[in-house]
Structures are given as structure tokens and as C-alpha cells.
Amino acid sequence: MGPTRPATLLVAGLAAAAVSWLMISRFYGNIPALPWLPTITIAALAFLEGYVAVNTRARIERKPGREPVDPLAVARYVVLAKASSLAGAIFAGTYAGILGWLLIERTRASSNDIPAATAGLVASLALVGAALWLERSCRVPEQPDSEKESDKPDK
């Protein structure tokens, strides 16, 4: 499994933005006001993943006072990070498409939905950033050359 590619996240976000733009322009009059609960949930997940990234990095580097990390837990964190970065990109694209349409379509209802759409976009981008940070934090640090040579068996 390789690191998450930015192009994958960009394509997912752009596709979600296009679909949400089309859907919101067609059905905006039939939907209720944008809810805040998804934004709060996404922001909480971003915060949690940021915390796990800091904690995991310290445990992998074996900083004083930290227990060694379980390799299976790190693998699970990587899977969580990869899934969250893709989900965050899709949510960011969705909120960007909605926000773009709301900024162009200036009505009283659309003006009331702009704060929720903006907060959703910011929270989604925070989730993408935290997920990529968690994924990077799970990498095994490079060993210095002196340790690499001492690990090799003598002939």
C-alpha cells in the first residue's frame, strides 16, 4: 500500500463538487437548511486524527515516557487515515460545490446557508490535512547509516 496521492483526492473533490453543484441547482428549493451536525462531526474527527497523529509519531520515535506502539494499531491508523482523507476530499468537494452555488445564487435562504457551507468546507479540509498527517506519522523513521551497517551480518 502506497501513500495517498494528492491527485486522487483532487479528482474525488472535483467530482463531488460537480455533482453537488448540479444537485443543489436542481433541488435547492426542496431541501431544508443545511445542517450543522455533519460539520461538527467532521471537525471532531479531524481533531481526533490530529491527536492520534501526534501521539503515534511520539510512540514510533520512542520518545521518553511513551510506550512503544503496537504495529497492528499503526496499520489500522493508516487505513483510517487513507479512508478519512478520501472522505474528507469528497465532503470538501461537496461543500465547495454547494458554497459556490450559494455565492452565485443570492437569495435570503442561500445567504442563511453560507455559514454552514463555509464551516463544512473548512472542517472537511481540516479532515484531509489531519488524515494526511496521520498517514505520514505512521511511517517508520529512517535509520541512520551507522545503525543500518550494524544490522548487517558479518561475513
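Could you clarify how one ought to interpret the overall build of the protein chain in this entry?
For the protein chain, the count of helices and strands is 5 helices and 0 strands. The N-to-C order of helical and strand elements in the protein chain reads α-α-α-α-α. Relative to a compact globule of 155 residues, whose C-alpha radius of gyration would be 15 Å, the protein chain shows 21 Å and is clearly more extended. The buried share of the protein chain, taken over its 155 residues, is 35%.

Any chance you could explain the layout of surface pockets here in plain terms?
It is the rolling of a water-molecule-sized probe over the atoms that shows where space remains empty. Quantified by volume, the largest pocket comes out at close to 240 Å³. Among the elements of the structure, helix 2 (37-60) and helix 3 (71-104) are those that each provide at least two residues to the lining of the largest pocket. Counting residues per element, the lining of the largest pocket draws most heavily on helix 3, which supplies 4 residues. Partitioned by chemical class, the residues of the lining of the largest pocket number 10 nonpolar, no polar and 4 charged.

Would you explain a nonpolar patch on the surface in this entry?
On the surface, a nonpolar cluster with roughly 350 Å² of combined accessible area is contributed by V19, M23, F27 and I31. Along the chain, V19 turns up in helix 1 (residues 6-27).

For this particular structure, what's the right way to read unusual backbone geometry?
Leaving glycine aside, a negative phi is the common case for residues, and trans is the common case for peptide bonds. Although it is not a glycine, R62 sits at a positive phi angle of roughly 55 degrees. Locating R62 in the fold gives a position in the loop between helix 2 and helix 3.

How should the side chain of S124 be read in this particular structure?
By the secondary structure assignment, S124 is in helix 4 (residues 108-137). On the accessibility criterion, S124 (0% relative accessible area) is buried. Here G120 takes part through its backbone oxygen, which lies 2.7 Å from a polar atom of the side chain of S124.

How should helix 1 be read in this particular structure?
Since there are 3.6 residues in each turn of an α-helix, residues three or four apart along the chain are aligned in direction. For helix 1, spanning 22 residues, the distance from its first C-alpha to its last is 31 Å, which sits close to the expected 32 Å at 1.5 Å a residue. Listing the buried residues of helix 1 in full gives L9, A12, G13, A16, A17, S20 and I24. Axial view of helix 1: buried residues confined to an arc of 140 degrees, hence all on one face. Opposite the buried face of helix 1, by more than 90 degrees, sit the exposed residues L10, V11, L14, L22 and R26. Taken together, the buried residues of helix 1 touch helix 3 and helix 4.

Could you clarify how one ought to interpret the environment of P32 in this entry?
Here P32 lies in the loop between helix 1 and helix 2. Sequence separation of P32 and D113 is 81 residues, and the distance between their C-alpha atoms is 9.8 Å.

Quick question: what am I supposed to make of the nonpolar core here?
Across soluble globular proteins, you tend to see nonpolar side chains buried next to one another. By size, the foremost hydrophobic cluster in this structure holds 18 residues, and its most contacted members are L34, I98, L102 and A117. At the level of elements, helix 2, helix 3 and helix 4 are the ones that each hand at least two residues to this core. For this core, the leading source of residues is helix 4, giving 7 residues. Once you skip the residues sitting within four places of it in the chain, L102 turns out to touch Y28, L34, S110, D113, I114 and A117. Core analysis: the next-biggest nonpolar cluster, separate from the first, contains 9 residues, A53, V69, A81 and C138 among them.

Cut-offs applied
- Residues numbered from 1 in each chain as written.
- Predicted model: local features only at pLDDT ≥ 70, side-chain atom pairs only at ≥ 80, totals over all residues.
- Heavy atoms only, no water.
- Helix = DSSP H or I, 4+ residues; strand = E, 2+ residues; numbered from the N terminus.
- Rg over C-alpha atoms; globule rule 2.2 N^0.38 Å.
- Buried < 20%, exposed > 50% of the residue type's maximum accessible area, 1.4 Å probe, protein only.
- 1 Å grid on protein atoms, 1.4 Å probe; cavity = no way out; pocket = protein on both sides within 12 Å on 5 of 7 lines; lining within 4 Å.
- Points joined across faces, edges and corners; volume = space filled by probe spheres on them.
- Nonpolar A, V, L, I, M, F, W, Y, C, P; charged D, E, K, R; others polar.
- Patch = residues over 30% accessible without salt bridge, like charges linked within 9 Å, V, L, I, M, F, W, Y side chains within 5 Å.
- Areas by Shrake-Rupley, 256 points an atom, 1.4 Å probe, with all protein chains shown as cover.
- Salt bridge = Lys/Arg side-chain N within 4 Å of Asp/Glu carboxyl O.
- Polar contact = N/O pair within 3.5 Å; in protein donor to acceptor, adjacent residues only side chain to side chain.
- Expected span 1.5 Å × (residues − 1).
- Arc of directions from axis to C-beta.
- Contact = heavy atoms within 4.5 Å.
- Core = buried A, V, L, I, M, F, W, Y, C linked by side-chain atoms within 4.5 Å.

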